[in-house]
Amino acid sequence: TTSFGTAPTVLNITENLGVDLKHAVCTDYYYQYTECDSMGSRWRVAIPLSPGSCLDLPPPTRGTDCSFSCPAGKFLEMSVQQCTPCAAGSYSLGSGLRFDQWDAIPAGFTSLASFLDPGSSWTPQGVYLESNRDECTVSLVYAVHLEKQGSVSFTYQYPDNNIFFEFYVQNEQCQEMAQADDQKWIKVTSNGEWDTHTVSLKSGTNILYWRTTGILVGGKMVKPVLLKNIQIEGVAYTSECFPCRPGWFSATPGSSSCQPCPSNTYSVKGASSCTPCPEHHYSHEGWAECKVRPPCSEKDYFQIHTACDSEGKTQVLYRWVEPKICIENIPEAVELPVTGQREPCPPCNPGYYNSNDSTCLPCPPGTHSDGTYACAECPAGTEPVLGYEYKWWNVLPSNMKTSCFNVGNSKCDDMNGWEVAGDHIRSGAGSSDNDYLILSLHVPGFKVPASLSGMTGSEFGRITFVFETICSADCELYFMMVKSTTVVESWEGSKGKQSYSHSMTRNASVTVHSSTYLCPRSLYSISVTNVLDGVASACRACALVPQNSQRAGSSCVPCPAGFYIDRDTNRCQECPPNTYLAGRHTYGQDACVACGPGSISNKEHSRCYSDCSFTHTENNRTLTFDLSPLNDVASLTIGPSFTSKGTKYLHLFNISLCGHKGQRAAVCTDNVTDVSSKDDESDSAQFVNSVDSFICQSTIIPADGRGFRMAISSQSISLADTFIGATVDTVLNGVNAKPDLFPENSKDIPDINFFYRSNQATASCDQGRSSVITVRCNPEKSDRGELSVPSSCPAGTCDGCTFHFLWESASACPRCTEDDYHQIEGACKGGVQETLYVWNEPKLCTKGVLLPPRSSSACEAIALWLKVGVGGGAFVAVLLISLTCYFWKKNKRLEYKYSRLVMSANKECELPAADSCALAEGEEPDDDVVYTQKPTLLGKLRAIANKDGESSESVQLNSSQSDQWVLG
């Protein structure tokens, strides 16, 4: 067919099938409009259901205007081209389309798996459509042509941000339409709640994509995305009405919607009325069939306590769970237990008192009670400790409510979600596996009392509860904030009686949800601290007005930040230097806790921090470190890692070693789910999926290989909220640095360990997470250095609770001192000597003192010490030569005299007479006579010559003329 403002030519080609088609009555055809021409007109043509089935088709006629549409409740009857009311049992949106029946994927929808597993798809579940739960990327696609601008809206449930859920629109050229982030990325919903998302559409062809991708990084099964009630506005006309889905009906013609069947009735598809269930059968609202009523059992009733009467007595009553679906009057059914005996009422909860009519009422402001006595005013110098503390469950407190929610939108609000049971409150029984039993506690806000005003920490209040779960099958317990879009904590399976505590880091009104899914659960106590307009169970000492003040008295005043309350005077006193206010009290100086090693306190004494300087004394040597080049936030990406199905992901760590005067400077943000906070500007800001910390971690899914047009950041967590201290020791406050995880330090400079802790407990880390950054001197690295994790723990942690990092940097070396260099003196050249200074090798210091400049000094060619040495040596040499000559001469004389004596001794005559020894005429008395009592060498020689061996007195003759002897 063609249409250019003229009647189209319809060309029918048939084959001879042995039938006389000229005389056949043609009824098997339908009408359809041609495409609109440039004038905005179109033609209505008849098209046979089977090609060539007949020849006498009605001729083409001019159709309605292209912008024509019928109102809601009517459809365009093509045979007469007029709007006709829908019949009972059906409905119409007029110019819109609605898809709310999901027994099968409706015509026009396509489920495409674009990654890993082509078998993954969106699965119809009757009243909603369920996404995949695995790591596959699955898209639900629907193409629609709009004649005018319109919109698409859908109701969804998106409880788990471990699935990435996006909605986008493409045109007929497969070009993505411009969308804001909050239109593209879907907001996370509270667990079990439905939300609606609406996006405007342009005229023309629009291809709609609902895309989900699961990330099973931790191995935990994710919760799927649920879709229902997809509605599209802007189509030109509706040529037929939609039948009501089973369990729904429309009683009158011209309906724009269908209504659910009441309880104990049912309907089939396209029903105009509901049919009552047969006897001994039942149904809930909107059911398409009735079920047989089971015999009553212990699960079908519950107990309640009556309000205390004037005598202070209560009774245990038993009531059937509503709506009652079981049968009593059959043999195997149990009967409702009889009413119990009257018992004394349990005491009121702390902060309440028992009134005259035996009901518990809150104590007036300024008074307190533990629940067993009348309210009393707080003594002078004290103030009431405001909060909520519920440990007796005779009646449900007025600020709490219980409800039921069904994933499939079945009504269960008339059921008892939670039931009081004296010393605990327990979850009731759901009627189906999709029921969530919700217990809500509304907290109007938080107010830090005057006695705690000196603390400037981030905790405004704390919620603590004691619980127990008993499960015989798969079940789960959730704890969440209404303003939060994610579950705070959850527990799967049976859990013994235990306590859980959550810190409120922002002053905002919140409603706490505790919901259970297929999980019988008991809550024994719930306590909330620092509640605005709460009740008081006790009094706490507070600071008094100073005595020199004009308002001196017994009234409480808030202490300035960093001040504690003195026990003796009840006055405000500032904490000592380098201490901080810890714990949850400010009474007494012991509230001021000393900072850890290597840290100082800020001005408000609210936290201790490192100023990126460190000092260590070892072997009488003091090492000073300046780590300021490491102060800026550093990032470390680890990976890639792969899940069981091959999904690539990375771990990104942002690290702030010192922070900014204790302020946590490292920030990790989820770039998918952070749009959930854009609707609420203030109160919900604390629930943005962004964390600030000294160390935080995000899981990064790269854009490659998954069909994403951008990298995805998710699962951001804090690893280090508090700085503990810095030391060369390996253990601090129970946190172990485990140096054996890294290569051994071969340098003579000790490693510095920075210790951190995150006090928020998790299911796997009951003491919270902790982190250690080992800073190591490495001159080969740059000033910013290089971060690494243990090779044996590639994710940075070996147990999931303690994270270890090694930061090697030249800035981690100590500041240089005079001990780190030495001098070298040059030779004396031309009377000038140069002195050089060089660093000790290897150089293990940075900054600090500088090398002294090269210096020159005057010098002589021969040094003084050399002169003295040479002179002394010459003198000794001369002396030795002189002595040698002297003794040589003496020896020669002795030899001569000895020879004369020998010659005279050999004569036969006696020695000459005495007169022969006289001096000859003219001789000089040159000989010296020496007398000795000891034998001399000459005497010994004479004795030998005389061969008598006796000692005798000898006379040594010293004569220069020994040849002038006169022999008688």
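- Under an unreviewed UniProt entry, the name given to the chain is Endosome-lysosome associated apoptosis and autophagy regulator family member 2b, and the organism recorded is Lates calcarifer.
- UniProt lists a comment for the chain under the heading Subcellular location (unreviewed entry), and it reads "Cell membrane".
- Looking at the chain in UniProt, the text filed under Sequence similarities (unreviewed entry) is "Belongs to the ELAPOR family."

### Things to note about the overall build of the chain
Part 1 of the reasoning: In terms of regular secondary structure, the chain is built from three helices and 69 strands.
Part 2 of the reasoning: Of the contacts made within the chain by residues no fewer than 6 positions apart, 66% connect residues no fewer than 24 positions apart.

### So, the nonpolar core
Part 1 of the reasoning: Ranked by internal contacts, the top residues of the largest apolar core, which has 37 residues, are F165, W210 and I232.
Part 2 of the reasoning: Elements with a contribution of two residues or more to this core: β7 (96-99), β11 (137-146), β12 (150-157), β13 (163-170), β14 (195-201), β15 (204-214) and β16 (226-233).
Part 3 of the reasoning: At five residues, the largest contribution of residues to this core is made by β11.
Part 4 of the reasoning: A634, I655, V775 and A812 belong to the second-largest nonpolar core, a separate cluster that totals 34 residues.

### Regarding the state of the cysteines
Part 1 of the reasoning: Tallied over the entire structure, the rule returns 18 disulfides.
Part 2 of the reasoning: Here C244 is linked by a disulfide to C258, with a sulfur-sulfur distance of 1.9 Å. Taking the torsion about the sulfur-sulfur bond, which here is approximately -80°, the covalent link between C244 and C258 counts as left-handed. Pair noted here: C244 is in the loop between β17 (242-243) and β18 (248-249) and C258 is in the loop between β18 and β19 (259-260), with a separation of 14 residues, a long-range link.

### Observations regarding the pattern of salt bridges
Part 1 of the reasoning: In total, this model carries 12 salt bridges according to the counting rule given.
Part 2 of the reasoning: Through salt bridges that share partners, D626, R815 and K847 make up one connected network.

### Notes on the packing of aromatic side chains
Part 1 of the reasoning: If you walk through the whole model with that rule in mind, you get 36 aromatic pairs.
Part 2 of the reasoning: Here the aromatic rings of Y168 and Y209 are separated by 4.8 Å at their centres, their planes lie at 5°, and the arrangement is stacked. Here Y168, found in strand β13, pairs with Y209, found in strand β15; they are 41 residues apart in sequence, far enough to count as distant. Neither Y168 nor Y209 differs from the other in exposure class; each is buried.
Part 3 of the reasoning: Sitting above the plane of the Y33 ring, R42 keeps its charged end 4.2 Å from the centroid.

### Description of the sheet that holds strand β69 (residues 855-858)
Part 1 of the reasoning: Ordered in space as β67-β68-β69, the three strands form an open sheet in which the pairing is antiparallel. Of all the strands in the sheet, the pair left with one neighbour each is β67 (821-825) and β69. Across the sheet, the mean angle separating the axes of adjacent strands is 25° when strand polarity is ignored.

### Some details on unusual backbone geometry
Part 1 of the reasoning: Each neighbour pair has its own omega, and for G639 with P640 the value is 10°, a cis peptide bond.
Part 2 of the reasoning: The topology assignment puts P640 in strand β54 (residues 634-642).
Part 3 of the reasoning: In this structure, P842 follows E841 across a cis peptide bond, with omega equal to -5°.
Part 4 of the reasoning: Relative to the assigned elements, P842 resides in the loop between β68 (832-839) and β69.
Part 5 of the reasoning: With a phi close to 65°, C612 is a non-glycine residue in the positive phi region.
Part 6 of the reasoning: Look at C612 and you get buried, because its relative accessible area is 3%.
Part 7 of the reasoning: Even without being a glycine, K847 presents a positive backbone phi close to 55°.
Part 8 of the reasoning: As for its position among the elements, K847 is in the loop between β68 and β69.

### Considerations on a nonpolar patch on the surface
Part 1 of the reasoning: A contiguous nonpolar surface patch, about 720 Å² in accessible area, is contributed by F875, V876, L879, L880, L883, Y886 and F887.
Part 2 of the reasoning: Looking at the secondary structure, you find L879 in helix α2 (residues 864-905).
Part 3 of the reasoning: Exposure remark for L879: the relative accessible area of 41% places this residue in the partly exposed category.

### Some remarks on the environment of D819
Part 1 of the reasoning: Mapped onto the elements of the fold, D819 is located in the loop between β66 (802-809) and β67.
Part 2 of the reasoning: Placed 21 residues apart in sequence, D819 and N840 show a C-alpha to C-alpha distance of 8.6 Å.

### Regarding the side chain of T797
Part 1 of the reasoning: Relative to the helices and strands, T797 is located in the loop between β65 (786-788) and β66.
Part 2 of the reasoning: Relative accessible area serves as the criterion here: at 15%, T797 is assigned to the buried category.
Part 3 of the reasoning: At a separation of 2.8 Å, a polar atom in the side chain of T797 contacts the main-chain amide nitrogen of G800.
Part 4 of the reasoning: In this structure T797 touches T802 and F803, once residues within four positions along its chain are discounted.

### Remarks on the sheet that holds strand β1 (residues 29-33)
Part 1 of the reasoning: Taken together, the three strands give an open sheet; going across it, the order is β1-β2-β3, and neighbouring strands pair in antiparallel fashion. Two strands in the sheet have a free side with no partner beyond their single neighbour: β1 and β3 (61-62).
Part 2 of the reasoning: Pairing of β1 with strand β2 (residues 43-48) involves five bridges; the strand directions are antiparallel. Within β2, the residue paired with Y31 across the bridge is A46.

### Remarks on the confidence of the model for the chain
Part 1 of the reasoning: Overall, the prediction assigns the chain a mean pLDDT of 79, with 79% of residues at 70 or greater.
Part 2 of the reasoning: Taken element by element, the chain is modelled with least confidence in helix α3 (residues 937-946), mean pLDDT 55, and with most confidence in strand β21 (residues 275-276), mean pLDDT 96.
Part 3 of the reasoning: This stretch, residues 1-24, has a pLDDT under 50; its non-local contacts, to residues over four places away or in other chains, come to 29 contacts.
Part 4 of the reasoning: Segment residues 673-688 is flagged for pLDDT under 50; beyond a separation of four residues in sequence, or across chains, it makes 31 contacts in the model.

### A look at the environment of E166
Part 1 of the reasoning: Residue position: E166 is located in strand β13.
Part 2 of the reasoning: Placed 21 residues apart in sequence, E166 and K187 show a C-alpha to C-alpha distance of 9.4 Å.

### Overview of the pairing of strand β58 (residues 695-701)
Part 1 of the reasoning: Of all the seven residues making up β58, seven are buried; the element is thus mostly covered by neighbouring parts of the structure.
Part 2 of the reasoning: Across the two faces of β58 the burial is the same, with I695, Q697, T699 and I701 and C696, S698 and I700 all buried.
Part 3 of the reasoning: Note that strand β55 (residues 648-655) and β58 share six bridges and pair antiparallel. Pairing of N654 across the sheet is with C696, part of β58.

About the thresholds
- Residues numbered from 1 in each chain as written.
- Predicted model: local features only at pLDDT ≥ 70, side-chain atom pairs only at ≥ 80, totals over all residues.
- Heavy atoms only, no water.
- UniProt positions renumbered as here; feature names shortened; annotations may be inferred.
- Helix = DSSP H or I, 4+ residues; strand = E, 2+ residues; numbered from the N terminus.
- Contact = heavy atoms within 4.5 Å.
- Core = buried A, V, L, I, M, F, W, Y, C linked by side-chain atoms within 4.5 Å.
- Buried < 20%, exposed > 50% of the residue type's maximum accessible area, 1.4 Å probe, protein only.
- Disulfide = S-S within 2.5 Å.
- Salt bridge = Lys/Arg side-chain N within 4 Å of Asp/Glu carboxyl O.
- Phe/Tyr/Trp six-rings, centres within 6.5 Å; stacked < 30°, edge-to-face > 60°.
- Lys NZ or Arg CZ within 6 Å of the ring centre and 35° of its normal.
- Pairing = 2+ DSSP bridges.
- Axes fitted to C-alpha atoms, helices over the stretch in contact; angles between N-to-C directions.
- Patch = residues over 30% accessible without salt bridge, like charges linked within 9 Å, V, L, I, M, F, W, Y side chains within 5 Å.
- Areas by Shrake-Rupley, 256 points an atom, 1.4 Å probe, with all protein chains shown as cover.
- Polar contact = N/O pair within 3.5 Å; in protein donor to acceptor, adjacent residues only side chain to side chain.
- pLDDT = per-residue confidence, 0-100.

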